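Per-entry structural report
One letter stands for each residue in the lines below.
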Amino acid sequence: MFRSKSISKFVNLTGLAFIVISQTQTKLFSVDSKALQERQRQQMARGLPKQKPIPGVKQVIVVASGKGGVGKSTTAVNLALGLMANDMSKSVGLLDADVFGPSIPKLMNLKGNPELSDNNRMIPLTNYGVPCMSMGFLVDDVAPIVWRGLMVMSAIEKLLRQVDWGSLDYLVVDMPPGTGDVQLSITQNIPIAGAVIVSTPQDIALLDARRGAEMFKKVNVPVLGLVQNMSVFQCPKCNHETHIFGSDGARQLADTLGVTFLGDIPLHITIRETSDRGQPVVISSPNSPEAAAYRKVASAVVQKLQKVSS
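Predicted, not measured: the structure shown is a model, and the values here were computed from it. (Residues numbered from 1 in each chain as written. Predicted model: local features only at pLDDT ≥ 70, side-chain atom pairs only at ≥ 80, totals over all residues. Heavy atoms only, no water.)

**Notes on the overall build of the chain**
Secondary structure summary: the chain contains 10 helices and 9 strands in total. The buried share of the chain, reckoned over its 310 residues, is 44%. (Helix = DSSP H or I, 4+ residues; strand = E, 2+ residues; numbered from the N terminus. Buried < 20%, exposed > 50% of the residue type's maximum accessible area, 1.4 Å probe, protein only.)

**Describing the pairing of strand S5 (residues 168-174)**
Among the 7 residues of S5, 7 are classified as buried, and the element is accordingly described as predominantly covered. Two strands pair when backbone bridges link them, and strand S1 (residues 57-64) and S5 are joined in this way by 6 bridges, in the parallel orientation. Paired with Val60 across the strands is Leu171, a residue of S5. In this structure, strand S2 (residues 92-96) lies alongside S5, joined through 5 bridges in parallel fashion. (Pairing = 2+ DSSP bridges.)

**Considerations on the environment of Phe216**
One can find Phe216 in helix H6 (residues 203-218). Separated by 21 residues in the primary sequence, Phe216 and Ala195 place their C-alpha atoms 7.4 Å from one another. Setting aside residues up to four positions removed in sequence, Phe216 forms contacts with Val62, Ala64, Met175, Thr187, Ala195, Ile197, Val221 and Val223. (Contact = heavy atoms within 4.5 Å.)

**Describing the environment of Lys90**
Relative to the elements of secondary structure, Lys90 occurs in the loop between helix H2 (72-86) and S2. The class of Lys90 is partly exposed, set by a relative accessible area of 30%. In the structure, Lys90 is positioned 80 residues away from Tyr170 in sequence and 7.8 Å away in space, judged by C-alpha atoms. Discounting chain neighbours no more than four positions away, the residues touching Lys90 are Met84, Asp169 and Tyr170.

**Section: the side chain of Thr187**
Mapped onto the secondary structure, Thr187 falls in helix H5 (residues 181-189). A distance of 2.9 Å separates the side chain of Thr187 from the backbone oxygen of Leu184, its partner in a polar contact. With sequence-adjacent residues up to four places away left out, Thr187 is seen in contact with Gln51, Ile192, Phe216, Val219 and Val221. (Polar contact = N/O pair within 3.5 Å; in protein donor to acceptor, adjacent residues only side chain to side chain.)

**Some remarks on helix H10 (residues 289-309)**
Here H10 is 21 residues long and its end C-alpha atoms lie 30 Å apart, about the 30 Å a rise of 1.5 Å per residue gives. Buried within H10 are the following residues: Glu290, Ala291, Ala293, Tyr294, Val297, Ala298, Ala300, Val301 and Leu305. (Expected span 1.5 Å × (residues − 1).)

**Points about the packing of H2 against H10**
Orientation of H2 relative to H10, taken along the N-to-C sense of each, is 75°, at an axis distance of 8 Å. In terms of orientation, H2 and H10 fall into the roughly perpendicular class. Judged by residue contacts, Thr74, Thr75, Asn78, Leu79, Gly82, Leu83, Ala85 and Asn86 of H2 engage Tyr294, Arg295, Val297, Ala298, Ser299, Val301 and Val302 from H10. Of the residues assigned to the contact of H2 with H10, the class counts are 8 nonpolar, 6 polar and 1 charged. (Axes fitted to C-alpha atoms, helices over the stretch in contact; angles between N-to-C directions. Parallel < 35°, antiparallel > 145°, perpendicular 65-115°, else oblique. Nonpolar A, V, L, I, M, F, W, Y, C, P; charged D, E, K, R; others polar.)

**Structural notes on the pairing of strand S6 (residues 194-199)**
Burial analysis of S6 places 6 of its 6 residues in the buried class, the great majority of the element. In S6, alternate side chains face the same way, and those of Gly194, Val196 and Val198 on one face and Ala195, Ile197 and Ser199 on the other are all buried. One ladder, built from 4 bridges, connects S1 with S6; its direction is parallel. Its bridge partner being in S6, Ile61 is matched across the sheet by Gly194. With 5 bridges connecting them, S6 and strand S7 (residues 223-234) associate as parallel partners. Opposite Ala195, over in S7, you have Val223 as the bridge partner.

This is the structure we're talking about:
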């Protein structure tokens, strides 16, 4: 009897001691973990390049997507033109940072090599009042760009630092799809006023769009909001509307992420045809509903920029 009580008491005391020790270890581990994270943050901050603004550029807006094929470049071009259309006093530039698949030369109907300024900087090619720079101006149209990481980073550095933009209110950057080295390099090298995420309403596109938005949050770039591209198709004959890629997926994702929904862009043949001709819809069909949709997005972007900077 005595022995049974002693064993029971010992077990209880041992269990209590184990709990106390475990709680103490947990607290110590939590403190050590926080200290380790803080040291890692400081070390990473020392290792990162210092952000330097692009001379003459007031605000940089990056247009990104988690995956390709969602109309990011078309959105970037019409956003830049929409910013100018909404306020003609504003000067807007366009930088094509998609090194492997540059689309801006085609979309903006530009060809040729940039000339050099007196200070040995590249002078952007201009159309529709928008100065543009792209890797597509520096390589042959059909030549594949087969580069390793260091060469890509060098090209991005040149596009960021060796271009004479003059004086710009906004520089719209057409980012490559995904969340890789180029995106990180740009966000670490220049101060960015905000990011616009483009996605279709399709679930598989929204998964990647979410990753893109989360990436910008991690690198402290304000997410201005989401654009839902190819939101609805309207039959040109009977005007029946069909949600080919789903309905309101990007709007719901914006609510989930707690960011602004910037607007819908329809899936319309006019947008495709004008883009293929190098005559973006905001310029070639300014009174169309499609152009109005882009101008509405541009207006929402400016409003969000004002809130972010205030």
